[in-house]
Amino acid sequence: MLEIKDVIYYYKSQKDKVILNHISYSFEQGKMYAVLGASGSGKTTLLSLLAGLDVPVEGEICMNGVNIMQKGLNGHRKENISLVFQNYNLIDYLTPVENVRLGGKEDAMGLLRSMGLDETQSRRNVMQLSGGQQQRVAIARALASNAPVLLADEPTGNLDEDTANEIIAIFSELAHEKNKCVIMVTHSKDLAQKADVILTLKKGSIVGSEDTVLDEKIRRALLAQAEGFSAPDDLKDKIMQEIEKQNN
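Nothing here was measured: the structure is a model prediction, and the numbers come from that model.

So, how was this worked out
Counting restarts for each chain: residues are numbered from 1 in the order of the written sequence. In view of the model being predicted, local features appear only for residues whose pLDDT reaches at least 70, and side-chain atom pairs are presented and counted only at 80 or more, with totals across whole chains, interfaces and linings using the full set of residues. The basis for every side-chain value is the complete set of non-hydrogen atoms in the structure, without hydrogens or water. At least two bridges found by DSSP between two strands are what make those strands a pair. Note on conventions: DSSP H or I runs of at least 4 residues are helices, E runs of at least 2 residues are strands, and numbering of each starts at the N terminus. Simply put, an axis is a line fit to the C-alpha atoms, just over the touching stretch for a helix, and the angle between two N-to-C directions goes from 0 to 180 degrees. Contacts: residue pairs with any heavy atoms within 4.5 Å of one another. Buried residues are those whose accessible area, probed at 1.4 Å on protein chains only, stays under 20% of the maximum for their type, while exposed residues exceed 50% and partly exposed ones sit between those limits. Nonpolar cores are built from buried Ala, Val, Leu, Ile, Met, Phe, Trp, Tyr and Cys residues. Side-chain atoms within 4.5 Å join them into one set. Note on aromatic contacts: the rings of Phe and Tyr and the six-membered ring of Trp form a pair at centre separations within 6.5 Å, being stacked when their planes are under 30 degrees apart, edge-to-face when over 60 apart, and tilted otherwise. We define a salt bridge as a side-chain nitrogen of Lys or Arg found within 4 Å of a carboxyl oxygen belonging to Asp or Glu.

(A) Fine view of the sheet that holds strand β8 (residues 181-185). Strand order in the open sheet made by the six strands is β6-β7-β8-β3-β9-β10, with mixed pairing throughout. Strand pairing shows two members of the sheet lacking a second neighbour, β6 (81-85) and β10 (205-211), which therefore form its edges. Adjacent strand axes in the sheet meet at a mean angle of 20° when their direction is disregarded. Summarising the sheet, strand β7 (residues 149-153) and β8 pair through five bridges and their orientation is parallel. When the sheet's bridge partners are listed, D153 is paired in β8 with V185. The strands touched by helix α1 (residues 43-51) within the sheet are β3 (32-36), β6, β7, β8 and β9 (197-202), with β7 carrying the most contacts at an inclination of about 150°. Its contacts with the sheet put helix α7 (residues 131-143) on β6 and β7, and the angle it makes with β6 is roughly 170°.

(B) Broad picture of the side chain of T95. Along the polypeptide, T95 turns up in the loop between β6 and α4 (96-101). For T95, a relative accessible area of 16% puts it in the buried group. For T95, the residues in contact, after removing those within four places along its chain, are S122, R123, R124, N125 and V126.

(C) Representation of the nonpolar core in the model. One finds V100, V137, I139, L150, F171 and L174 to be the most contacted residues of the largest nonpolar core, which totals 39 residues. Broken down by secondary-structure element, the contributors of at least two residues to this core are β3, α4, α5 (108-114), α7, β7, α8 (161-177), β8 and α9 (189-192). Considering every element that reaches this core, the biggest residue donor is α8, with seven residues. Aside from chain neighbours lying at most four places away, what touches F171 is M32, V84, I139, L150, A152, P155, V182 and M184. Counting 28 residues, the second largest nonpolar core, distinct from the first, contains L46, L47, C181 and V185.

(D) Focus on the packing of aromatic side chains. Counting across every chain of the model gives four aromatic pairs. Judged by centre distance (6.1 Å) and plane angle (85°), the ring pair of Y25 and Y33 falls under edge-to-face. Among the residues examined, Y33 registers a relative accessible area of 1% and is labelled buried. Ring geometry for F27 against Y33: centres 4.9 Å apart, planes inclined by 80°, an arrangement best described as edge-to-face. Comparing F27 with Y33 shows no difference in burial state: the two are buried. An aromatic cluster is built from Y25, F27 and Y33, whose rings are joined through pairwise contacts.

(E) Representation of the pattern of salt bridges within the structure. All told, the structure shown has four salt bridges when counted by the stated rule. K31 is the salt-bridge partner of E28, the closest N and O atoms lying 3.6 Å from each other. By relative accessible area, E28 is classed as partly exposed at 41%. Residue class for K31 comes out partly exposed when judged on its relative accessible area of 23%. In this structure, K71 and E79 form a salt bridge, with 3.3 Å as the shortest nitrogen-oxygen distance. K71 sits in the partly exposed class, given a relative accessible area of 48%. The partly exposed category is assigned to E79, whose relative accessible area is 45%.

So this is what it looks like as structure tokens:
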């Protein structure tokens, strides 16, 4: 679906400082991806390139097999991409309904209801909402375009743990029930574990790709085998504990 092909990126004024170094990866619909990495590892740059907000020095960004430059970056953003930011990027003098209407033609009130906001909350000034509610408005606005790809840059960075988990649950639902491709940059390893796939960036390269869904299937299969294994209960318990330990 959305693919990076041998991408190199650096600032033209700092050619000796490579931000992304020959990275390739293919993102699929119906999955949630978490991109982990230290500051300066290239996470936000990667998101900008996927969104068509910038272009690689070398390599290609392709959507359904076609270089996004062929369609034009504006066309790519309009048809394929919706964005969610850490700081929400809402228009502070508008209501949630008005903010969502800026994102596209989908039913604004219906989207806000699906995000857990009632009509009273949706029609007051957006700055009167909590941080978690504002991020829900931002997600609703992103969904108003009906784009197949949702990119989120540190979407839970300003939220408490409970609210952050609620937002991640929404992203997971969008991927699995709405068939979106959700790509989220985060510093939180705990939140990243809730994604289907974890990509780890280090010094501009993808140094790790962990399929958490496959790992969970393997874990369950091993546990099922251990459960049916003919052995004394104390030995069986030790085997199952070791499987859980290796998974964590």
